[in-house]
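Structural overview for review
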Amino acid sequence: MQDFHLSANAVNREFVAFRVGAQEFCIDIMGVREIRGWTQATPLPHSPAYVRGVINLRGAVLPIVDLAMRFGLGLTEPTPRSVIIVVQINQQVVGLLVDAVSDILTVSEASMQPTPDIASDLAKTFVKGVYAIDGRMISIVSLDCVLPISAKAAA
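Thresholds, definitions, all that
Residues numbered from 1 in each chain as written. Predicted model: local features only at pLDDT ≥ 70, side-chain atom pairs only at ≥ 80, totals over all residues. Heavy atoms only, no water. Helix = DSSP H or I, 4+ residues; strand = E, 2+ residues; numbered from the N terminus. Buried < 20%, exposed > 50% of the residue type's maximum accessible area, 1.4 Å probe, protein only. Contact = heavy atoms within 4.5 Å. Areas by Shrake-Rupley, 256 points an atom, 1.4 Å probe, with all protein chains shown as cover. Phe/Tyr/Trp six-rings, centres within 6.5 Å; stacked < 30°, edge-to-face > 60°. Lys NZ or Arg CZ within 6 Å of the ring centre and 35° of its normal. Lys, Arg positive; Asp, Glu negative; His and termini not counted. Salt bridge = Lys/Arg side-chain N within 4 Å of Asp/Glu carboxyl O. Polar contact = N/O pair within 3.5 Å; in protein donor to acceptor, adjacent residues only side chain to side chain. Pairing = 2+ DSSP bridges. Axes fitted to C-alpha atoms, helices over the stretch in contact; angles between N-to-C directions. Core = buried A, V, L, I, M, F, W, Y, C linked by side-chain atoms within 4.5 Å.

A few words on the overall build of the protein chain. Of regular secondary structure, the protein chain possesses 3 helices and 10 strands. Along the chain direction, N to C, the helices and strands of the protein chain fall in the order β-β-β-β-β-α-β-β-β-α-β-β-α. Out of the 155 residues in the protein chain, the part that is buried amounts to 39%. Within the protein chain, contacts between residues separated by at least 24 positions form 54% of all contacts whose residues are at least 6 apart in sequence. Counting every atom, the protein chain has about 9,000 Å² of accessible surface; 56% of that belongs to carbon and sulfur.

The phi dihedral of R58 is positive, around 50 degrees, even though this residue is not glycine. Looking at the element boundaries, R58 is found in the loop between β4 (51–57) and β5 (60–66). Classification of R58 as exposed rests on a relative accessible area of 66%.

By the definition in use, this model includes 4 aromatic pairs. On the basis of an interplanar angle of 25 degrees and a centroid distance of 6.1 Å, the ring pair of F18 and F25 is categorised as stacked. F25 matches F18 in its accessibility class, with the two residues each being buried. On the numbers, 5.1 Å between centres and 45 degrees between planes, the contact of F71 with F126 is tilted. Of this pair, F71 sits in the loop between α1 (67–70) and β6 (83–89) while F126 sits in helix α2 (residues 121–126); the two residues are 55 residues apart in sequence, bridging distant segments of the chain. Taking the relative accessible area as the measure of exposure, F71 reaches 9% and is therefore buried. Residue F126 is classed as buried on the basis of its relative accessible area of 3%. Taken together, the ring pairs connect F18, F25, F71 and F126 into an aromatic cluster. A cation sits over an aromatic face here: R70 above Y50, 4.4 Å from the ring centre.

As for its placement among the helices and strands, D99 is situated in the loop between β7 (92–98) and β8 (100–108). Buried and without a salt bridge, D99 has R19 as its closest oppositely charged side chain, separated by 4.6 Å. At 2.5 Å, the side chain of D99 and the backbone nitrogen of G21 are in polar contact. Apart from residues lying up to four places away in sequence, D99 is in contact with R19, V20, G21, T76, R81, S82 and V83.

This part is about the sheet that holds β8. Either a parallel or an antiparallel arrangement is found when strands of a sheet pair, and the pairing is made through backbone hydrogen bonds. Overall, mixed pairing links the 5 strands, which are arranged β8-β1-β2-β10-β9 in an open sheet. Unpaired on one side and paired on the other, β8 and β9 (127–133) mark the two borders of the sheet. The mean angle between the axes of side-by-side strands here comes to 35 degrees, regardless of whether they run parallel or antiparallel.

Looking now at the nonpolar core. Ranked by size, the top nonpolar core spans 25 residues in total, and within it F18, I27, L67, I85, V87, L96 and V146 carry the most contacts. With 4 residues, β6 is the largest single contributor of residues to this core. With residues near it in sequence (within four places) discarded, I85 still touches V16, F18, I27, V32, E34, I35, V94, G95, L96, V98 and V101. Core analysis: the next-biggest nonpolar cluster, separate from the first, contains 9 residues, A17, C26, I133 and I138 among them.

Spatial relationships are all this shows, so hold off on functional conclusions.
The structure is reproduced here in structure tokens:
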């Protein structure tokens, strides 16, 4: 049996890590409902450019947000590795289109670094911190900021 010695204030959290373009991001696993393969979405007229459309998820209409487009990185071209991470943001269930899920991370809250001051305002809108793990820089996405206020109110 291994003996782990954690200080009383060390809180470990789990994150789902994923790729969007060449960058790695992660979200708190507590907000994730499921991870599923890419399914072609039905476009919605007059929706924001980052909303790919909707899919039928076991009888429920699930809006799909292209995270690359939402982050200002351009439109995602889905591949066989592309996945939809189904998350709950406040009271709304949304699918996030990402290039691939890489792993599940267990990290201490104390190891989170703040978003650099030189980051763009757009980056600061979505990223609440950064983890440096095994030579990788993984940005922590704040799910509450993925949907604009008006979309949250309408949900």
